[in-house]
Amino acid sequence: MPWFVKPKFTILKSQQTIQNLPSGMWVKCPVCLKVIYIKDLEQNLKVCTCNYHFRLTAVERINLLADSGSFTEFNSNITSADPLEFTDSKESYIQKIHKTREKLNLNEGVITGYAIISGIEVVLASMEFAFLGGSMGSAIGEKIYRAICASLEKKIPLIIISCSGGARMHEGILSLMQMAKTSAGLAMLAEKKIPFISILADPTTGGVTASFASLGDIIIAEPGALVGFAGPRVIEQTIKQKLPEGFQRSEFLLDHGFIDIIVNRKDMKNTVKTCLDFFNK
Ligand SMILES: [Zn+2]
């Protein structure tokens, strides 16, 4: 289970609604506190004028990168089992999964497939945070692994957009095993010198950071994205020290060599194209 789930897309509810503004049509930027008309925000790729990047869905991220109509999904029917018969006081894991599937019309927390980006064929995977915090269980691990295999088979680059709270604890050790499985797959890709571009969206944490998300030949992050393993509060309590300002945000991580480049959403497709051209040479 992710160690935090913080809604970023704050739709103004009636008690918050500023006078005369219809509710549900406006959002408040959590950084500059500006109230923004949702349609304006969507036209600007869900980026505020202060450059705060609101979270996108997995499908929106695919649409942002892939040439129009070029995405062909595969392995969409892979779903999680419930090996531990996990349940908490409210509902079982399997009930939770069914409810989320229906709500999002999505079988799991990652969408994988073939895509064309500015004329170049790639394998593209995009994680969905709204699906149990984008947590990686057996199904996500398997889908990522099969995406790696598809990339190996066709000898085309792999791009994974991560957005996840980490491993899915409802599946215990089986979720942690996916870290080794996906990392081993990427080692095969590296051996064959097939490029892997890792894109980190807010948030990318836990077992996803500690496996495939950190193994890109190029690691790109969105501005202000939270990227880390354990959360800042856990680290502060463990080391009994105050963490520096901006710790675990992409700007801090760029300064410390953990990521290669921070890219604004509007420039993402061009940057990925530049990287793909570089590898093609
Ligand atoms: Zn703002």
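Residues numbered from 1 in each chain as written. Predicted model: local features only at pLDDT ≥ 70, side-chain atom pairs only at ≥ 80, totals over all residues.

(A) Just the overall build of the protein chain, in detail. Of regular secondary structure, the protein chain possesses nine helices and ten strands. For a compact globule of 281 residues, the expected C-alpha radius of gyration is about 19 Å, and the protein chain comes in at 19 Å, within 12% of that figure. Taken along the three principal axes of its C-alpha coordinates, the protein chain extends 60 × 45 × 45 Å. Across the 281 residues of the protein chain, 38% fall into the buried class. Across the protein chain, contacts joining residues at least 24 apart in sequence account for 66% of those joining residues at least 6 apart. (Helix = DSSP H or I, 4+ residues; strand = E, 2+ residues; numbered from the N terminus. Rg over C-alpha atoms; globule rule 2.2 N^0.38 Å. Buried ≥ 20, exposed ≤ 12 C-beta atoms within 10 Å, placed from the backbone. Contact = placed C-beta atoms within 7 Å.)

(B) Spotlight on the domain arrangement of the protein chain. By domain assignment, the protein chain separates into domain 1 (1-54) and domain 2 (55-280). Using C-alpha coordinates to define each centre, domain 1 is positioned 24 Å away from domain 2. (Domains from an automatic or database assignment.)

(C) Spotlight on helix α4 (residues 138-154). The end-to-end C-alpha distance of α4 is 24 Å, a good match for the 24 Å that 17 residues give at a rise of 1.5 Å each. Along α4, the residues classified as buried are Ser138, Ala139, Ile140, Gly141, Glu142, Lys143, Ile144, Tyr145, Ala147, Ile148 and Ser151. Lys155 sits one or two residues past α4 and shows a positive phi near 55°. (Expected span 1.5 Å × (residues − 1).)

(D) Structural view of the pairing of strand β8 (residues 218-221). Here β8 shows a buried face lined by Ile218 and Ile220 and a second buried face lined by Ile219 and Ala221. Pairing of strand β7 (residues 196-205) with β8, which is carried by four bridges, proceeds in the parallel orientation. Across the sheet, the residue bridging to Leu200 is Ala221, located in β8. As paired elements, β8 and strand β10 (residues 261-262) share two bridges and run parallel to each other. In the sheet register, Ile220 faces β10, and the bridge partner there is Ile261. (Pairing = 2+ DSSP bridges.)

(E) A look at the environment of Lys96. As for its position among the elements, Lys96 is in helix α3 (residues 93-104). Taking the number of C-beta atoms within 10 Å as the measure of exposure, Lys96 has 17 and is therefore partly exposed. Taking the C-alpha atoms as reference, Lys96 lies 9.9 Å from Phe131; in sequence the two are 35 residues apart. Sequence-distant contacts of Lys96, defined by excluding residues within four places in its chain, comprise Glu91 and Leu132.

(F) Just the confidence of the model for the protein chain, in detail. Summary statistics for the protein chain give a mean pLDDT of 91 and a share of 92% for residues scoring 70 or more. pLDDT under 50 marks residues 1-9. Its contacts with residues more than four places away, or in other chains, come to 21 contacts. Every residue in residues 13-21 scores below 50 in pLDDT, and together they form six contacts with partners more than four places removed in sequence or on other chains. (pLDDT = per-residue confidence, 0-100.)

(G) Main features of the pairing of β7. Across the ten residues that make up β7, a large majority, ten, are buried. Here strand β6 (residues 158-164) pairs with β7 via six bridges, running parallel. When the sheet's bridge partners are listed, Ser164 is paired in β7 with Thr204. After leaving β6, the chain enters helix α5 (residues 173-191) and then returns to the sheet as β7, a path that is right-handed. With two bridges joining them, β7 and strand β9 (residues 227-228) adopt parallel strand pairing. Its bridge partner lying in β9, Thr205 is registered against Gly228. (Right-handed = clockwise from strand over helix to strand, strands pointing away.)

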